[in-house]
Amino acid sequence: MIRLTNIQLPLDHDDQAIANAVVARLSIKAADLVSYHVHRRGYDARKKANIVLIYTLDVETKNNKALLEKFADEQLIKATPDMSYKFVAQAPVDLQERPVVIGFGPCGLLTGLVLAQMGYKPIILDRGKEVRERTKDTFGFWRKKILNTESNVQFGEGGAGTFSDGKLYSQVKDPHHYGRKVLTEFVEAGAPDEIMFVSKPHIGTFRLVSMVEKMRAKIIELGGEIRFSARVDDVQIEAGQITGVALADGEVIKSKHIALAIGHSARDTFEMLYDKNVYIEAKPFSVGFRIEHQQSLIDEARFGANAGNEILGAADYKLVHHCKGGRSVYSFCMCPGGTVVAATSEEHRVVTNGMSQYSRAERNANSAIVVGIDPTDYPGGPLAGIDFQRELESNAYLLGGENYDAPAQKVGDFLKGVSSETIGSVEPSFKPGIKLTDLSKALPDFCIEAIREAIPAFNRKINGFALEDALLTGVETRTSAPICIKRGKDFQSINTQGLFPAGEGAGYAGGIMSAAIDGIKVAEAMALSINHSNK
Ligand code: FAD
């Protein structure tokens, strides 16, 4: 097939317009166009009055070969690449030992699935519960403030992104099209087909829940085993080689190939690994607040008269401001038509995050507005970032009234430096609830200063962003892991052979898609290593 890139059409184009554009671009007769397939559809909304859809199309014509020769110098007309996934290995028939995957978030899910598909029958361990039970615990916390520290928004089947907006895009380089493999698996598990072609796919919370169950069933069908409420409390290492893990109940599982896909919130596990001398470094991350506006304000600011258009959906945004003092403030994990949620996994701490349903139909838009920080801001060794996060989260718990309500403040008051007394037109969506206060006490002064500088700058890009009544809720601390569990080119820990640090918790991903892609890479590296040692 021929891949045509950057075909631009008006937002309201009719069905025939795509075929017409193909014919025009290739200068062929309409009768020579056999078929076309939309590979990708995005939009350019920089000019609100003239929003255009941008297509990448795979086209079949009666004379592909001749056309590819004719347009050989054209960057936007090329042969469609083969994006299908190819397994790098197959398990030996006399497989001597099953690989273990710790963590069943997007990373562990894909590591486990790809290992299972190659015949390695992985044993997958997650400290949390299976997703339906976990849903009850998580929603229970939001409604009744009863936290289960092992089954919550961070821990359990599906990992941290299960109760989320389910955004599935990532900026990681993906020359081997692993992202395609992830999307294909998600669609087979029940995600909408459109995730294969829209430029910013999302799934929303409830669909993710049933998808995760289907993917679990597939792994089990292929000979894999998945154990819940199976927290790894210890790793066994002999002469620099991992040999097994010990679970919280004392059971030991032996394996010399163990993927560590534990996410960014497994602080106790990070501490255990550090105590066991697994090499860990501190790494930069970000902290800040969630901001909420009415979704209609964002739609209007981004799409003008086209607000509400079905193809465009609820508008999102992505903002960055480089402060005079050198700090960067940026929007993160924007959830159109969603809610702000309590995301702690530890008692007496408050952490914010965002989620939405597939429809993105809730009244408010939310995103994290965060300041980039690095280990010089929290000196004290590889795990100092965790202490820093904990301190901010405990402080937020105090500011929120010590009952898991989150501290909040109207943007106008935050900018003026006065405590908020009343809610304005933007109603808080945070569950379980908020307490109005002065958020300048919630983060270090340099963060507050940076956010105070950034919000008016963002207002110049999204009219109304600095609205008096817009609401800030805090604190957003779990933006990524504050550590990196260093691995080499073979994907193994640089000082612990057979341990494969993976995904967001190890510092190699940020978000569902990049964690899942990393999971595939790690599965491949494990398979090759197992085959090597099985010889
Ligand atoms: P995780 O998903 O964190 O999974 C780690 C798993 O390991 C967990 O299930 C945990 O129970 C388990 N585990 C931890 N320690 C142990 C142990 N000792 N023993 C056994 N098991 C253990 N990203 C997006 O791209 N789009 C979004 O829309 C989005 N929204 C989000 C909304 C919320 C509320 C949250 C919290 C996150 C969101 N994210 C989103 C981020 C995304 O969820 C993460 O980047 C992603 O889940 C990381 O995947 P992971 O597999 O590396 O780790």
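- Per an unreviewed UniProt entry, the protein is named FAD dependent oxidoreductase, and its organism is Neptunomonas japonica JAMM 1380.

1. Concerning the domain arrangement of the protein
Phase 1: What the domain assignment reports for the protein is domain 1 (2-79), domain 2 (100-280 + 485-534) and domain 3 (284-476).
Phase 2: The distance between the C-alpha centroids of domain 1 and domain 3 comes to 40 Å.
Phase 3: Facing the seven residues of domain 1 at the interface are ten residues of domain 3.
Phase 4: Where domain 1 abuts domain 3, roughly 760 Å² becomes buried across the two surfaces, and 59% of that area is made up of carbon and sulfur atoms.
Phase 5: The largest per-residue losses of area from domain 1 upon contact with domain 3 belong to Leu 11, Tyr 43 and Lys 48, which jointly make up 66% of the total buried on that side.
Phase 6: At the boundary of domain 1 with domain 3, the tally comes to zero salt bridges.
Phase 7: Counting across the domain 1 and domain 3 interface gives two residue pairs in polar contact (both at pLDDT 80 or more).

2. Considering the packing of aromatic side chains
Phase 1: Evaluation of the coordinates by the stated rule reveals 16 aromatic pairs.
Phase 2: Seen in terms of ring centroids, Phe 141 and Tyr 404 are 5.0 Å apart; in terms of plane orientation they differ by 80°. Their pairing is edge-to-face. Here Phe 141 is found in helix 4 (residues 131-144), whereas its partner Tyr 404 is found in the loop between helix 9 (384-399) and strand 19 (406-410), with 263 residues between them in sequence.
Phase 3: By relative accessible area, Phe 141 is classed as buried at 3%.
Phase 4: For Tyr 404, a relative accessible area of 8% puts it in the buried group.
Phase 5: Counting every residue linked through ring pairs, the aromatic cluster contains Tyr 85, Phe 87 and Tyr 178.
Phase 6: Over the aromatic face of Tyr 358 sits the side chain of Arg 207, whose NZ or CZ is 4.4 Å from the ring centroid.

3. What about the packing of helix 4 against helix 6 (residues 205-221)?
Phase 1: Close contact between helix 4 and helix 6 brings their axes to 10 Å; oriented N to C, the two are set at 150°. One finds that helix 4 runs roughly antiparallel with respect to helix 6. Judged by residue contacts, Val 131, Arg 132, Thr 135 and Phe 139 of helix 4 engage Phe 206, Val 209, Ser 210, Glu 213 and Arg 216 from helix 6.
Phase 2: Tallied by class, residues from the contact of helix 4 with helix 6 come to four nonpolar, two polar and three charged.

4. Quick notes on the site of the ligand
Phase 1: With respect to spatial proximity, 37 residues lie near the ligand, and among them Asp 126, Ala 160, Gly 161, Glu 504 and Ile 512 are the closest.
Phase 2: A distance of 2.7 Å separates an oxygen atom of the ligand from a polar backbone atom of Ile 512.
Phase 3: Calculation on the ligand without its partners gives an accessible area of 990 Å², and the protein chains cover 96% of this total.
Phase 4: At the level of elements, helix 3 (106-117), strand 17 (352-355) and helix 12 (512-534) are the ones that each hand at least two residues to the shell around the ligand.
Phase 5: When grouped by side-chain class, the residues that make up the shell around the ligand number 17 nonpolar, 14 polar and six charged.
Phase 6: Here the shell around the ligand spans two domains, and each of domain 2 (100-280 + 485-534) and domain 3 (284-476) adds at least three residues to it.

5. Some points on the UniProt feature "domain: FAD-dependent protein C-terminal" (unreviewed entry) in the protein
Phase 1: When the UniProt feature table is mapped to this numbering, "domain: FAD-dependent protein C-terminal" (unreviewed entry) covers residues 284-479.
Phase 2: Taken end to end, residues 284-479 is 24% helix and 27% strand, and its two terminal C-alpha atoms sit 10 Å from one another.

6. Considerations on the pattern of salt bridges
Phase 1: Summed over the entire model, instances satisfying the criterion amount to 35 salt bridges.
Phase 2: Between Arg 127 and Asp 268 there is a salt bridge whose closest N-O contact spans 2.7 Å. Placement of the pair is Arg 127 in the loop between strand 6 (123-125) and helix 4 and Asp 268 in helix 7 (residues 267-275), with a sequence separation of 141 residues.
Phase 3: Judged by its relative accessible area of 11%, Arg 127 falls in the buried class.
Phase 4: Take Asp 268: its relative accessible area is 33%, and that puts it in the partly exposed class.

7. Some points on the sheet that holds strand 11 (residues 258-260)
Phase 1: Reading across from one edge, 7-6-5-11-23 is the order of the five strands in this open sheet, with parallel pairing throughout. Looking along the sheet, the strands with just one partner apiece sit at the ends: strand 7 (225-227) and strand 23 (499-501). The mean inter-strand angle of the sheet, taken between neighbouring strand axes irrespective of direction, is 20°.
Phase 2: Pairing analysis gives three bridges linking strand 5 (residues 100-102) to strand 11, with the strands arranged parallel. Directly across from Val 101, in strand 11, lies its bridge partner Ala 259.
Phase 3: Contacts from helix 12 reach strand 5, strand 11 and strand 23 within the one sheet, and its direction differs from that of strand 23 by about 165°.

8. Quick word on the side chain of Arg 267
Phase 1: Structurally, the position occupied by Arg 267 is in helix 7.
Phase 2: You can call Arg 267 buried: its relative accessible area is 0%.
Phase 3: Polar contacts involving the side chain of Arg 267 include one to the side chain of Glu 393, which spans 2.7 Å.
Phase 4: Residue contacts for Arg 267: discarding those within four places in its chain leaves Glu 346, Arg 349, Ile 386, Gln 389, Arg 390, Glu 393 and Arg 478.

9. Quick word on helix 3
Because each turn of an α-helix spans 3.6 residues, side chains separated by three or four positions end up pointing in the same direction.
Phase 1: The terminal C-alpha atoms of helix 3 lie 16 Å apart, and with twelve residues this matches the ideal 16 Å at 1.5 Å per residue to within 8%.
Phase 2: Buried residues dominate helix 3, accounting for twelve of its twelve residues.
Phase 3: Of the residues making up helix 3, those classed as buried are Pro 106, Cys 107, Gly 108, Leu 109, Leu 110, Thr 111, Gly 112, Leu 113, Val 114, Leu 115, Ala 116 and Gln 117.
Phase 4: Elements in contact with the buried residues of helix 3: strand 5, strand 6, helix 5 (178-188), helix 6, strand 11 and helix 12.
Phase 5: Within two residues after helix 3, Gly 119 carries a phi angle of roughly 95°, on the positive side.

10. Re the nonpolar core
Phase 1: Counting 84 residues, the largest nonpolar core has Leu 26, Trp 142, Phe 289, Val 329, Leu 443, Ile 451 and Phe 465 as the members making the most contacts within it.
Phase 2: If near-sequence neighbours (up to four positions away) are discounted, Phe 465 is found in contact with Ile 291, His 293, Leu 297, Tyr 317, Leu 319, Ile 369, Ile 455, Phe 458, Asn 459 and Ala 470.
Phase 3: Grouped together as the second largest cluster of nonpolar side chains are 48 residues, Leu 113, Phe 186, Ala 191 and Phe 500 included.

11. Digging into unusual backbone geometry
Phase 1: Cis rather than trans, the peptide bond between Lys 431 and Pro 432 has omega equal to 15°.
Phase 2: Position of Pro 432 relative to the elements: it lies in the loop between helix 10 (411-416) and strand 20 (434-436).
Phase 3: Put simply, Gly 474 and Val 475 share a cis peptide bond, and its omega is 0°.
Phase 4: Mapped onto the secondary structure, Val 475 falls in strand 21 (residues 471-476).
Phase 5: With phi around 60°, His 177 is a residue other than glycine that occupies positive phi space.
Phase 6: With respect to the secondary-structure elements, His 177 resides in the loop between helix 4 and helix 5.
Phase 7: Backbone geometry at Arg 360 places phi at a positive 45°, although glycine is not the residue there.
Phase 8: When you line up the elements, Arg 360 lands in the loop between strand 17 and strand 18 (364-373).
Phase 9: Overall, the relative accessible area of 13% leaves Arg 360 in the buried class.

About the thresholds
- Residues numbered from 1 in each chain as written.
- Predicted model: local features only at pLDDT ≥ 70, side-chain atom pairs only at ≥ 80, totals over all residues.
- Heavy atoms only, no water.
- Domains from an automatic or database assignment.
- Contact = heavy atoms within 4.5 Å.
- Buried area = accessible area lost by both parts, 1.4 Å probe.
- Salt bridge = Lys/Arg side-chain N within 4 Å of Asp/Glu carboxyl O.
- Polar contact = N/O pair within 3.5 Å; in protein donor to acceptor, adjacent residues only side chain to side chain.
- Phe/Tyr/Trp six-rings, centres within 6.5 Å; stacked < 30°, edge-to-face > 60°.
- Helix = DSSP H or I, 4+ residues; strand = E, 2+ residues; numbered from the N terminus.
- Buried < 20%, exposed > 50% of the residue type's maximum accessible area, 1.4 Å probe, protein only.
- Lys NZ or Arg CZ within 6 Å of the ring centre and 35° of its normal.
- Axes fitted to C-alpha atoms, helices over the stretch in contact; angles between N-to-C directions.
- Parallel < 35°, antiparallel > 145°, perpendicular 65-115°, else oblique.
- Nonpolar A, V, L, I, M, F, W, Y, C, P; charged D, E, K, R; others polar.
- Near = heavy atom within 4 Å.
- Areas by Shrake-Rupley, 256 points an atom, 1.4 Å probe, with all protein chains shown as cover.
- UniProt positions renumbered as here; feature names shortened; annotations may be inferred.
- Pairing = 2+ DSSP bridges.
- Expected span 1.5 Å × (residues − 1).
- Core = buried A, V, L, I, M, F, W, Y, C linked by side-chain atoms within 4.5 Å.

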